[in-house]
Amino acid sequence: RNRPLSSSWIDEAFRNSFLTGFEKTFGYTPYANILENDQEFHIKIFVPGLSKSDVKIQAENAILTVSYEKKEADNEKSENYLHREFELESFTRSFTLPQTADKDNIKATFENGVLHIAVPKKENAGLSRTIEIS
């Protein structure tokens, strides 16, 4: 069962963007929804007009980064437009992963302009244990 991410420390970890200033430089940040269940965190990023080959996903240390770099070939001559309301823009969106995230087993799929990223939780990450004093 998926439920909205509600734990304040998890919410804060995902809400804090490592590259907030970089995102603003491009003027475009795709919308993201983050859900959590017992097995994983699920990030959905809305990227209409892009295909899976356009998007790059990288996990380094505790940072998950999703990016798209606009190619020069994507530029259409602006003088040919009678009316223009959208243009695909480069972006970088980063998320700080919580300690319970298993970054070695992240999986992603792309469907109908939505990027789905499944970040599994480490097994036994949330369980308590007794620590012996030596």
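Residues numbered from 1 in each chain as written. Predicted model: local features only at pLDDT ≥ 70, side-chain atom pairs only at ≥ 80, totals over all residues. Heavy atoms only, no water.

Quick look at the confidence of the model for the chain
Line of reasoning, step 1. Overall, the prediction assigns the chain a mean pLDDT of 78, with 68% of residues at 70 or greater.
Line of reasoning, step 2. Long-range and interchain partners of residues 3-10, a stretch whose pLDDT sits below 50, account for 15 contacts in this model, where long-range means more than four residues apart.
Line of reasoning, step 3. In this model, residues 14-26 is a region of pLDDT below 50 whose contacts with residues beyond four sequence positions or in other chains number 26 contacts. (pLDDT = per-residue confidence, 0-100. Contact = heavy atoms within 4.5 Å.)

Here's the deal with the pairing of strand E5 (residues 63-68)
Line of reasoning, step 1. Across the six residues that make up E5, a large majority, six, are buried.
Line of reasoning, step 2. In terms of strand pairing, strand E4 (residues 55-60) meets E5 through six bridges, oriented antiparallel. The partner of valine 55 across the bridge, within E5, is tyrosine 68.
Line of reasoning, step 3. Between E4 and E5, which pair antiparallel and follow one another directly, the connecting turn spans two residues, one of which, asparagine 61, has a positive phi of 55°.
Line of reasoning, step 4. Pairing geometry for E5 and strand E6 (residues 91-96), over six bridges, is antiparallel. Counted as the bridge partner of valine 66 is arginine 93 from E6. (Buried < 20%, exposed > 50% of the residue type's maximum accessible area, 1.4 Å probe, protein only. Helix = DSSP H or I, 4+ residues; strand = E, 2+ residues; numbered from the N terminus. Pairing = 2+ DSSP bridges.)

Let's talk about the environment of aspartate 102
Line of reasoning, step 1. Following the sequence through the fold, aspartate 102 ends up in the loop between E6 and strand E7 (107-111).
Line of reasoning, step 2. Distance in space between the C-alpha atoms of aspartate 102 and proline 120 is 5.4 Å, their sequence separation being 18 residues.
Line of reasoning, step 3. The residues touching aspartate 102, leaving out its near neighbours within four places in the chain, are Pro120, Lys121 and Lys122.

Examining the sheet that holds E5
Line of reasoning, step 1. Strand order in the open sheet formed by three strands is E4-E5-E6, with antiparallel pairing between adjacent strands. Two strands close off the open sheet at either side, each with one partner strand: E4 and E6. Geometrically, the sheet is characterised by an average inter-axis angle of 15° between neighbouring strands, direction not taken into account. (Axes fitted to C-alpha atoms, helices over the stretch in contact; angles between N-to-C directions.)

Examining the pattern of salt bridges
Line of reasoning, step 1. Under the defined criterion, the tally for this structure stands at one salt bridge.
Line of reasoning, step 2. Across the salt bridge formed by glutamate 36 and lysine 121, the nearest N and O atoms sit 2.5 Å from each other. Placement of the pair is glutamate 36 in strand E2 (residues 32-36) and lysine 121 in the segment after strand E8 (114-120), with a sequence separation of 85 residues.
Line of reasoning, step 3. A relative accessible area of 6% places glutamate 36 in the buried class. (Salt bridge = Lys/Arg side-chain N within 4 Å of Asp/Glu carboxyl O.)

Quick notes on the environment of asparagine 112
Line of reasoning, step 1. Tracing the sequence through the fold places asparagine 112 in the loop between E7 and E8.
Line of reasoning, step 2. Linking asparagine 112 and serine 51, residues 61 residues apart in sequence, is a C-alpha distance of 8.8 Å.

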